[in-house]
Amino acid sequence: MIALPDVLSAAAVIAPHVVRTPLLPFGPGWVKPENLQPIGAFKLRGALNALARLENRAHGVVAYSSGNHAQAVAFAARLHGVPAAIVMPDNTPAVKVEATKALGAEVFIVGITERVERAEALVAERGAALIPPFDHPDVIAGQGTIGLEVLEDLPDVEAVVVPMSGGGLISGVATAVKALRPDVRVIGAEPALAGDIAESLAAGELVRWDPLRRARTAADALRDEPSALTWAHISRYVDDVVTVSEDEIMASVADLARRARLVAEPSGAVAVAAQAKLGGGVAVVSGGNVDPRLLARLLPA
């Protein structure tokens, strides 16, 4: 498991390349708009930290991702001048696939249950380094820098609401927050249609859902499941979890656009939907790479 010094070290590594996103008042609390990062999502933090610490990247890097981690690794690889090969599932929104290609990455599209196997094959074929989307301490530490910033900007914060899927973001944020302010509640937010972590916390052990079951949610960045590493952080540090419906997610996407002038993808709005139920706290808007057609449907003229 990571600790506070890992997050502090990550903050120094990534500072020149990420946006120090502000806290903005919204509804009953605040939002931290990570959709304002250069690749439109928080994932840049973990990818930059992990790639910067690679000892051998001469043969490039490989990642598997539903979209935002793909763009983050492609961005970080371009920054360091190394090739990137990204494996993406065939249900990834086209806007994320095209954005990853535009950053110079080689993209491989596979079935939703095949991406890890294909990524591992590419690593073996090329001698490249794998940067997983959440199951890596350097990735988790990079994401945890969000927690540091929240506490710096709002010292009297009572709760931080964080979307959950593979668990890298909430693992990092919770580690930082609980190390500095153990009284602050860390609340996970999940789509009800992909609520495996909520079920796991209720059961006191990791419960596995079929990938096709998790794939029902429109929050495409929240269709993963925790690893043993992220579950160790979640089970130790996360105080509670709130699940939200698809209607609540879409309503939050529209609310963020109309009231905060923030473009959020469905996954990025899940914590805001949970915040509305909780009545306060800081909600992490994790990403803004939304399909323009979806946004147009949610914001009719």
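In what follows, the structure referred to is the one given above.
Residues numbered from 1 in each chain as written. Predicted model: local features only at pLDDT ≥ 70, side-chain atom pairs only at ≥ 80, totals over all residues. Heavy atoms only, no water.

## Side note on the overall build of the protein chain
Of regular secondary structure, the protein chain possesses 13 helices and 10 strands. The C-alpha radius of gyration computed for the protein chain amounts to 17 Å, which stays within 12% of the reference 19 Å derived for 301 residues, consistent with globular compactness. Expressed as lengths along the three principal axes of its C-alpha atoms, the size of the protein chain is roughly 50 × 45 × 40 Å. Sorting the 301 residues of the protein chain into buried and exposed places 59% on the buried side. Counted over contacts in the protein chain with a minimum sequence separation of 6, partners at least 24 positions apart contribute 71%. Roughly 11,600 Å² of accessible area belongs to the protein chain as shown, and the carbon and sulfur atoms make up 53% of that amount. Side chains of the protein chain give 27 positive and 34 negative charges; the mean places of these two sets differ by 4 Å. (Helix = DSSP H or I, 4+ residues; strand = E, 2+ residues; numbered from the N terminus. Rg over C-alpha atoms; globule rule 2.2 N^0.38 Å. Buried < 20%, exposed > 50% of the residue type's maximum accessible area, 1.4 Å probe, protein only. Contact = heavy atoms within 4.5 Å. Areas by Shrake-Rupley, 256 points an atom, 1.4 Å probe, with all protein chains shown as cover. Lys, Arg positive; Asp, Glu negative; His and termini not counted. Charge placed at Lys NZ, Arg CZ, Asp CG, Glu CD.)

## What about the pattern of salt bridges?
Summed over all chains, the structure comprises 19 salt bridges. With a closest N to O distance of 3.0 Å, Glu149 and Arg45 form a salt bridge. Pair noted here: Glu149 is in helix H6 (residues 137-153) and Arg45 is in helix H2 (residues 43-52), with a separation of 104 residues, a long-range link. Each member of the pair, Glu149 as well as Arg45, carries the same accessibility label: buried. Where Glu225 meets Arg214, a salt bridge forms, and the shortest distance between an N and an O atom there is 3.4 Å. Of the two residues, Glu225 sits in the loop between helix H9 (211-214) and helix H10 (228-237) while Arg214 sits in helix H9, which places them 11 residues apart along the sequence. (Salt bridge = Lys/Arg side-chain N within 4 Å of Asp/Glu carboxyl O.)

## Quick look at a negative patch on the surface
Together, Asp90, Glu114, Glu117 and Glu120 line one region of the surface with negative charge. Tracing the chain through its elements places Glu117 in helix H5 (residues 115-126). Since its relative accessible area comes to 60%, Glu117 is described here as exposed. (Patch = residues over 30% accessible without salt bridge, like charges linked within 9 Å, V, L, I, M, F, W, Y side chains within 5 Å.)

## Considering the layout of surface pockets
Taken as a whole, the largest pocket spans an internal volume of roughly 440 Å³. Every residue lining the largest pocket is counted, 19 residues in all, and those nearest its centre are Ile112, Arg115, Arg214, Arg223 and Asp224. Its residues assigned to classes, the lining of the largest pocket comprises 8 nonpolar, 4 polar and 7 charged. In this structure, the second largest pocket encloses a volume near 160 Å³. (1 Å grid on protein atoms, 1.4 Å probe; cavity = no way out; pocket = protein on both sides within 12 Å on 5 of 7 lines; lining within 4 Å. Points joined across faces, edges and corners; volume = space filled by probe spheres on them. Nonpolar A, V, L, I, M, F, W, Y, C, P; charged D, E, K, R; others polar.)

## Looking at the nonpolar core
The biggest cluster of nonpolar side chains holds 29 residues, and the ones touching the most others in it are Ile39, Leu44, Val61, Val73, Ile86 and Ile131. For this core, the secondary-structure elements that each account for two or more residues are H2, strand E3 (61-64), helix H3 (68-80) and strand E4 (84-89). Looking at this core element by element, the count peaks at 7 residues for H3. Apart from the residues lying within four places of it in its own chain, the contact partners of Ile86 are Ala63, Ala70, Val73, Thr100, Ala105, Glu106, Val107 and Phe108. Listed in part, the 28 residues of the second largest apolar core include Val161, Val253, Ala269 and Ala271. (Core = buried A, V, L, I, M, F, W, Y, C linked by side-chain atoms within 4.5 Å.)

## Describing the sheet that holds strand E8 (residues 185-191)
Overall, mixed pairing links the 6 strands, which are arranged E1-E2-E10-E7-E8-E9 in an open sheet. Either end of the sheet is taken by a strand with one partner, and the two such strands are strand E1 (24-26) and strand E9 (240-244). Pairs of neighbouring strands in the sheet enclose a mean axial angle of 30 degrees, with direction left out of account. Sheet topology places strand E2 (residues 29-33) next to strand E10 (residues 282-285); 4 bridges connect them, and they run parallel. (Pairing = 2+ DSSP bridges. Axes fitted to C-alpha atoms, helices over the stretch in contact; angles between N-to-C directions.)

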